[in-house]
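Here's the letter readout for the chains.
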Amino acid sequence: MPQTPEEESLGSLVAQASSHISSLVRSEIELAKAEFRFDAKRVGMAGGLFAAAAFMAHLCLILASFTIAYALAQWLPNWLAFLIVTVFYLLVAGLLVFIGIRRLKGLAGMKRTARSIKDLKEIATPDEPALPTLHRDREPVTRDGA
């Protein structure tokens, strides 16, 4: 006959609690895996759609470049119109590279993380003994505050 919680021993209660906790942790891990799979599929689909949109935009940029060159060709020789469009894109690409290099030079690295890890290392491996030493110029405080 099953015992009531008041009649069960402390050991059996701890064993039940640990089995409940382990099954809860396993269930949470399974839930996290299921959510991750679902989200990964959605992210993959969205990434594919973004890639397709970027490809289409690139094609539009090429067609727009030809349109601009042919529009300029109404007043200029064909070779000069296409050269102007090409030089424009080279200048824009150069400007983007320049801005990108400046942004990379502005990187600070992981200074805060390195400092934090160094501090943690110092805390974990103290150079001083665990018990504070008494300094000669200071006397220990007694119970009466003197």
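This is a predicted model, so every value here is computed, not measured.

*Asks:* Teacher, can you tell me more about a nonpolar patch on the surface here?
*Replies:* A cluster of nonpolar side chains, contributed by Phe 55, Met 56, Leu 59, Ile 62, Phe 66 and Tyr 70, occupies part of the molecular surface with about 600 Å² of accessible area. By secondary structure assignment, the location of Phe 66 is in helix 1 (residues 10-72).

*Asks:* Sorry if this is basic, but what is going on with the pattern of salt bridges here?
*Replies:* Pairing is possible between side chains of opposite charge, provided their charged atoms come close. The final tally for this structure, using the stated rule, is one salt bridge. In this structure, Lys 33 engages Glu 30 in a salt bridge whose closest nitrogen and oxygen atoms are separated by 3.8 Å. Taken together, the residues Lys 33 and Glu 30, both in helix 1 and three residues apart, mark about one turn of the helix.

*Asks:* Any chance you could explain the side chain of Ser 65 here in plain terms?
*Replies:* Here Ser 65 is to be found in helix 1. Ser 65 gets classed as buried once you look at its relative accessible area, which sits at 14%. Apart from the residues within four sequence positions on either side, Ser 65 is in contact with Val 85 and Tyr 89.

*Asks:* Just to check I follow, could you spell out the confidence of the model for the protein chain for this structure?
*Replies:* Regions with low pLDDT carry predicted coordinates that are not meant to be interpreted in detail. Looking at the protein chain as a whole, the pLDDT averages 81, with 79% of positions reaching at least 70. Mean pLDDT values for the elements of the protein chain range from 74 in helix 3 (residues 111-124) up to 91 in helix 2 (residues 78-105).

*Asks:* Just to check I follow, could you spell out the environment of Leu 80 for this structure?
*Replies:* When you line up the elements, Leu 80 lands in helix 2. What makes Leu 80 partly exposed here is its relative accessible area of 24%. With eleven residues separating them in the primary sequence, Leu 80 and Ala 69 have C-alpha atoms 8.7 Å apart.

*Asks:* Looking at this model, I keep getting lost on the packing of helix 1 against helix 2. Mind explaining?
*Replies:* Two numbers describe a pair of packed helices, the interaxial angle and the distance between the axes. Remark: helix 1 packs on helix 2, axes separated minimally by 8 Å, with the N-to-C direction vectors making an angle of 135°. With respect to their mutual orientation, helix 1 and helix 2 come out oblique. Crossing geometry of helix 1 relative to helix 2 is assigned as right-handed. Contacts between helix 1 and helix 2 involve Leu 61, Ser 65, Phe 66, Ile 68, Ala 69, Tyr 70 and Leu 72 from the first element and Ala 81, Phe 82, Ile 84, Val 85 and Tyr 89 from the second. Split into classes, the residues belonging to the contact of helix 1 with helix 2 amount to eleven nonpolar, one polar and no charged.

Rules and cut-offs
Residues numbered from 1 in each chain as written. Predicted model: local features only at pLDDT ≥ 70, side-chain atom pairs only at ≥ 80, totals over all residues. Heavy atoms only, no water. Patch = residues over 30% accessible without salt bridge, like charges linked within 9 Å, V, L, I, M, F, W, Y side chains within 5 Å. Areas by Shrake-Rupley, 256 points an atom, 1.4 Å probe, with all protein chains shown as cover. Salt bridge = Lys/Arg side-chain N within 4 Å of Asp/Glu carboxyl O. Helix = DSSP H or I, 4+ residues; strand = E, 2+ residues; numbered from the N terminus. Buried < 20%, exposed > 50% of the residue type's maximum accessible area, 1.4 Å probe, protein only. Contact = heavy atoms within 4.5 Å. pLDDT = per-residue confidence, 0-100. Axes fitted to C-alpha atoms, helices over the stretch in contact; angles between N-to-C directions. Parallel < 35°, antiparallel > 145°, perpendicular 65-115°, else oblique. Left-handed = near helix turned anticlockwise from the far one by under 90°. Nonpolar A, V, L, I, M, F, W, Y, C, P; charged D, E, K, R; others polar.

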